[in-house]
Every structure is written in structure tokens, then in C-alpha cells.
Amino acid sequence: MAPPPPFLPISLSLLLLLLLFPSLPSSLSPPTHTTISPTKSPSSPSPTKSPSSPSPTKSPSSPSPSSSPSPTTSPPPSSKSSPTSTTLDPKQLTALQSLNIPTSKDPCSPPHTTALCDNSSPFRHLLSLSLSNCSLSLHLSTTALTSLSTLTSLHFQNCPSLPTPLHLPPSLASNLRSFSAVDSFKTLTGVFLSRLHNLTDLTLSAVPVTASGPGIILYNMKNLKSLTISQANLTGYLPRHWHYYTNLSHVDFSINKLEGKIPSSLTLLENLLVLNLSSNRLSGEIPSSIGDLLSLQNLSISANSFSGSIPDSLAAISSLVHLDLGRNRLNGSIPKFIADMKELRYLNLEKNDFHGIMPFNASFIERLAVFKIGGNANLCYNHSTLSPKVKLGIAPCDRHGLPLSPPPAKDASGPSSDDGVSSDDDYSEGDETGSSKKHHTHGPSKVVLGVAIGLSSVVFLIIFLVLISKCCR
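All residue numbers here refer to positions counted from 1 along the written sequence of the relevant chain. With pLDDT at 70 or above as the cut-off, local features in this predicted model cover only qualifying residues; side-chain atom pairs require 80 or more to be listed or tallied, and sums for whole chains, interfaces and linings still use all residues. Side-chain measures here rest on the full set of heavy atoms in the structure, leaving out hydrogens and waters.

Bringing the side chain of Thr228 into the picture now. Only DSSP runs of H or I reaching four residues or more are called helices, and only runs of E reaching two or more are called strands; each is numbered from the N terminus. Tracing the backbone through its elements, the reader meets Thr228 in strand β8 (residues 226–230). Here a residue-residue contact requires only that any non-hydrogen atoms of the pair lie within 4.5 Å. Ignoring sequence-local partners within four residues, the contact set of Thr228 consists of Leu202, Thr203, Leu204, His250 and Asp252.

Here it is, written out as C-alpha cells:
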């Protein structure tokens, strides 16, 4: 019998393998051809695909993560809301649009900085509105402001063309807690401001205010914590009664035309941190009770007409950082306790009538960021404790504690320096050098002259003798 063909066992083995492992042919089959995106080079296949082991989670036709999407593939739906969608009350949205405030995005969502809203539903409401660099088309209509009566803060900056008078609806005026206007409005009246009786923060700067005095404005504002009316052309006198405003921590009336004295009731504000009355027409003495302001950190009363001495009670204010008494008519000696104020960093005592010896040493002056004391003609410093190189604007003291007189005009003895020490030695050395130069300059000319005369005499004598000898022959 002929032996079976040699390929028969191999065929039977393959048939058995196919029955036992039906998925084996696919793994033994040649690799399928992968379609390459037109944007990818055929020589650089995707690193995430392998010809021998295709990914089980992707079909052969799906592109690799790094390949460009097909033009026919629709983008996934956006998770963001439409630009015109908003959570703001429709009435208030209409009011903002009437004020020409951009509302393409939700005013209640960050990074919107013009408005702040509450968290009420289904619609939120405005709590704060800030308008800056206003256009000429901005019109604060009563209808729009009525719709914004939920506001507690209203701020204007760089809006000088806003028409006045401004009419706030009573509901909005009573609901406001913070109102500010910086370089805005043509003018504001004291009557208008007095209607904002629930304010805790009032800030007016570079805004003309028409009022007979601050008292008209502050009469009903018993909840004030911060008050600034600066550069407002405000006239009149400071209010006499300050005990109603116990919450005040900041008072700034700088750069106005206020007159009169500082009322002693102002020192009852035990929570006051800042008191700025600079650049006015105030006069009189600093109240002796100024030391009752134990929390005070900044006291500025410069550029007024205050007189008298610095009250000793000021020593009780250990937290004082900024003390500005410059450009007044204060007199007397400068108290030594100022040098013991550990927190002090700004001290201005310039252009007053202080006299005597300045009580500050070099270590105290170096600790300050700003120190001004010039313009006090009768004040001097001890040049044994301070170097004359420190420019203070005042003269050094003599042995009697008085300012040295100005240096005399130049004379033979030489002028004196600014610190009172004579500088004759410097000029003596110069004079000696000068005379030495003169001596060396005239000395050689005399010697030459003498030698010339001597030689001339000898020559003349020889000639004379020669002539005589010839005549005698």
C-alpha cells in the first residue's frame, strides 16, 4: 500500500486548529490596509495604531487622536450657554441696555466687573453697579433707576458729562449703602446727598458740591463708617456734633474751603483711624483732647492756619503712623515724645514757627520714610549728634542752643562753613601756596638781572681799560 501524501497530516492539523480556535484565522490573516488622512504623511503612521494588533475599541476606519477630524464630522454640542442668555431679571436687563451698558454676556457672571448680583431665583437681581469712562450718550432715566432699586452700591468714575441734578427714586435712595463719584457730574447738591440717609460709605472726589457746609450732607447719615469729600470746593464749617457718628473710621475733607476750628466733639470718635483736614482754611489750636483718638493712625492737618503748640496728649496715640502738621503757624518747641512713637513712618513739621533744638537723633530720622522739618527759622539741630551732610533745611545750633547766623561774606579771615566750624585752615593753606608760587616766580628773574648787570659791568670795564691803554700810547 502506498504511504499517505506528506501534506495530509498537515492539512488535518490545520483543520483541527480551525475547529478549536475559530478566531485564529483573523489573527493569522495579513494586516488590513489603514486609510491615512490627507493631512498626515504616509511615512509617519499614527503611534497609537499597530498593523499587527489593531485597537479593540476603535474600528479600522476611525481616525487616530492626532489626525484631523473629517470635514463631515459635526462638532459636539457646546456646554456653554448662548451669549445672549442671562440669569438677570429681564426688567433690570432692559434698564442696563437703556444705560448703554454692554449686556452681550450675563452681567451676573464673571469676569463681568460692572455689576454684582444676588443669588435669588428664578432671576438674579443687581446689588452693585459701577460705571466708568461714561459716554456722552449715557442717560440716567428715572425709569431705568427705578428698575435698579435693588442696588446697594452705586459708583461713578470719570463721568464728568453726566447731567445734573441727579434724581434717584426714593426706593433706590433709601436702599443704597455705598455711593461714590470720582471726577464725575458737573455738580452735586447737599440736598441730594442728604437723601442717601442709609449710607455707610460716601466718597466724593473732584466733584463740585454745592452746600452751605458738611452738616447739611451728614445730618441724617448716622450709619456712616467712611466719609470722603475731597477737592469738592466745599465751604462752611465742620459739624459741631460728631457724637452721632460713632461708627466712623475714616474722615477726609482735604482740599476744600472749610473755615473755623476743629470741634472738640470730633475727638469722641474712638474708632477713627484716618483724619485728613489738610488744605483748607481752618484755624485755632489743635484740640487738647486729640489724644482721645487712641485708634488714630493718620493725622493730616497741613496747609491750614493752625497756631499754638503741639498738644502733649498726642503722646497717647501710640498707633500713629502718619503725622502731617506742615505749613501752619504752629509754634513752641517740638515735643520729645514724638521720637518715642515706634510706629511713626511719616513726619512733616515744615514751614511753621517752631523754635529751640530739634529733639531727633540720626536713628529716629533713618527709621522714617518721609521727614520734613525745613522752613522753621528759629529751629536748629545739634551738630554733635547729626552729621552736617544730612540736609534738614534748618541751621545748626550754637553753644547757647540758638541757630547759627548765616555765614559772613568773604574776607581775609575766610568764610565759615554751614556747620559753624571755621574753614580758615583751608584758606590759609591756599594762601601759603599762592605766596610760595609768587616767591618762586619773582626769585629767578632777580638773579638773572643781577648776573646780567655784573657781566655788563665787567665787559664795560674791559672796554674802558682797552681804550685808556690805546690813548696813553
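Another aspect to go through is the packing of aromatic side chains. Each Phe, Tyr or Trp ring, with Trp reduced to its six-membered ring, pairs with another whose centre is within 6.5 Å; inter-plane angles below 30 degrees give stacked pairs, above 60 give edge-to-face pairs, and intermediate values give tilted ones. Considering all chains together, one arrives at seven aromatic pairs under this definition. Residues Phe360 and Phe371 carry aromatic rings whose centres are separated by 5.8 Å and whose planes lie at 80° to one another, so their mutual orientation is edge-to-face. Of the two residues, Phe360 is situated in the loop between β19 (353–357) and α8 (362–367) and Phe371 in strand β20 (residues 370–372); the sequence distance between them amounts to 11 residues. Here Phe360 matches Phe371 in class, with each residue buried. Among the aromatic residues, ring-to-ring pairing joins Phe156, Phe179, Phe185 and Phe192 into one connected group. Over the aromatic face of Tyr219 sits the side chain of Lys222, whose NZ or CZ is 5.2 Å from the ring centroid. Ring-over charges, as used throughout, are those where CZ of Arg or NZ of Lys falls within 6 Å of the ring centre and within 35 degrees of the ring normal. Its end group placed over the ring of Tyr244, Lys222 keeps NZ or CZ at 5.5 Å from the ring centre. When a residue's accessible area, from a 1.4 Å probe over protein chains only, is under 20% of the maximum for its type it is buried; when over 50% it is exposed; and in between it is partly exposed.

Let us look at the pairing of strand β15 (residues 305–308). Burial along β15 is one-sided: the face carrying Phe306 and Gly308 is buried and the face carrying Ser305 and Ser307 is not. Relative to β15, strand β13 (residues 281–285) is paired through three bridges, and the arrangement is parallel. Bridge pairing links Ser283 to Ser305 in β15. Any two strands are treated as partners once DSSP identifies two or more bridges connecting them. Pairing of β15 with strand β17 (residues 329–332) involves two bridges; the strand directions are parallel. Directly across from Ser307, in β17, lies its bridge partner Arg329.

Considering the arrangement of structural elements, one finds Ser178 in strand β4 (residues 178–184). Residue contacts for Ser178: discarding those within four places in its chain leaves Thr152, Ser153, Leu154, His155, Leu199 and Asp201.

Read from one edge of the open sheet, 12 strands run β1-β2-β3-β4-β6-β8-β10-β12-β14-β16-β18-β20, paired in mixed fashion. Unpaired on one side and paired on the other, β1 (115–117) and β20 mark the two borders of the sheet. Adjacent strand axes in the sheet meet at a mean angle of 10°, parallel and antiparallel pairs treated alike. Note that β1 and strand β2 (residues 126–132) share three bridges and pair antiparallel. Following the sheet pairing, Leu116 is matched in β2 by Ser128. The axes are straight lines fitted to the C-alpha atoms, using for helices just the contacting stretch, and the angles between their N-to-C directions are given from 0 to 180°.

Here the focus is the confidence of the model for the protein chain. The predicted coordinates ought not to be read in detail in places where the model reports low pLDDT. Looking at the protein chain, pLDDT values average 77 and 71% of them are 70 or higher. A low-confidence stretch, residues 23–84 stays under pLDDT 50, and its non-local contacts, those more than four residues away or across chains, total 24 contacts. Taken as a whole, residues 407–443 scores under 50 in pLDDT and shows 20 contacts with residues more than four places along the chain or in a different chain. The score called pLDDT rates the predictor's confidence residue by residue, from a low of 0 to a high of 100.

Looking now at the environment of Ser278. Position of Ser278 among the secondary structure elements: in the loop between β12 (274–276) and β13. Given a relative accessible area of 11%, Ser278 falls into the buried group. Contacts of Ser278, omitting those with residues within four sequence positions, involve Phe253, Ser254, Ile255, Ser300, Ile301, Ser302 and Asn304. Any pair of N or O atoms that falls within 3.5 Å is considered a polar contact. Within protein, one atom must be able to donate a hydrogen and the other to accept it, and sequence-neighbouring residues count only if both atoms are side-chain atoms. Engagement of the side chain of Ser278 in a polar contact is seen with the side chain of Asn276, the distance being 2.7 Å.

Further remarks concern helix α3 (residues 90–98). The periodicity of an α-helix, 3.6 residues per turn, causes residues three or four positions apart to be oriented the same way. Three or more residues of α3 are buried, namely Gln92, Leu93, Ala95 and Leu96. With its buried residues spanning 160° around the axis, α3 presents them on a single face. At its buried positions, α3 is contacted by β2 and α4 (142–147). If you check the start of α3, you find a side-chain oxygen 2.9 Å away from the backbone N of Lys91, and it comes from Asp89. Throughout, the arc means that of the directions going from the helix axis to the C-beta atoms.

Moving on, we come to the state of the cysteines. Sulfur atoms of two cysteines make up a disulfide when they are within 2.5 Å. Enumeration over the complete set of coordinates arrives at two disulfides. Sulfur-sulfur distance for the disulfide between Cys134 and Cys159 comes to 1.9 Å. Handedness of the Cys134-Cys159 disulfide follows from its S-S torsion of about 55°: it is right-handed. One end of the pair, Cys134, is in the loop between β2 and α4; the other, Cys159, is in strand β3 (residues 153–159), and 25 residues separate them in sequence. Cys134 sits in the buried class, given a relative accessible area of 17%. Judged by its relative accessible area of 0%, Cys159 is buried. Paired by a disulfide, Cys380 and Cys397 hold their sulfur atoms 1.9 Å apart.

Below, the discussion takes up the environment of Pro214. For Pro214, the location among the structural elements is in helix α7 (residues 214–218). Between the alpha carbons of Pro214 and Leu258 there is a distance of 9.1 Å; along the sequence they are 44 residues apart. When near neighbours in sequence (up to four residues on either side) are disregarded, Pro214 contacts Leu234, Thr235, Tyr237, Pro239, Phe253 and Leu258.

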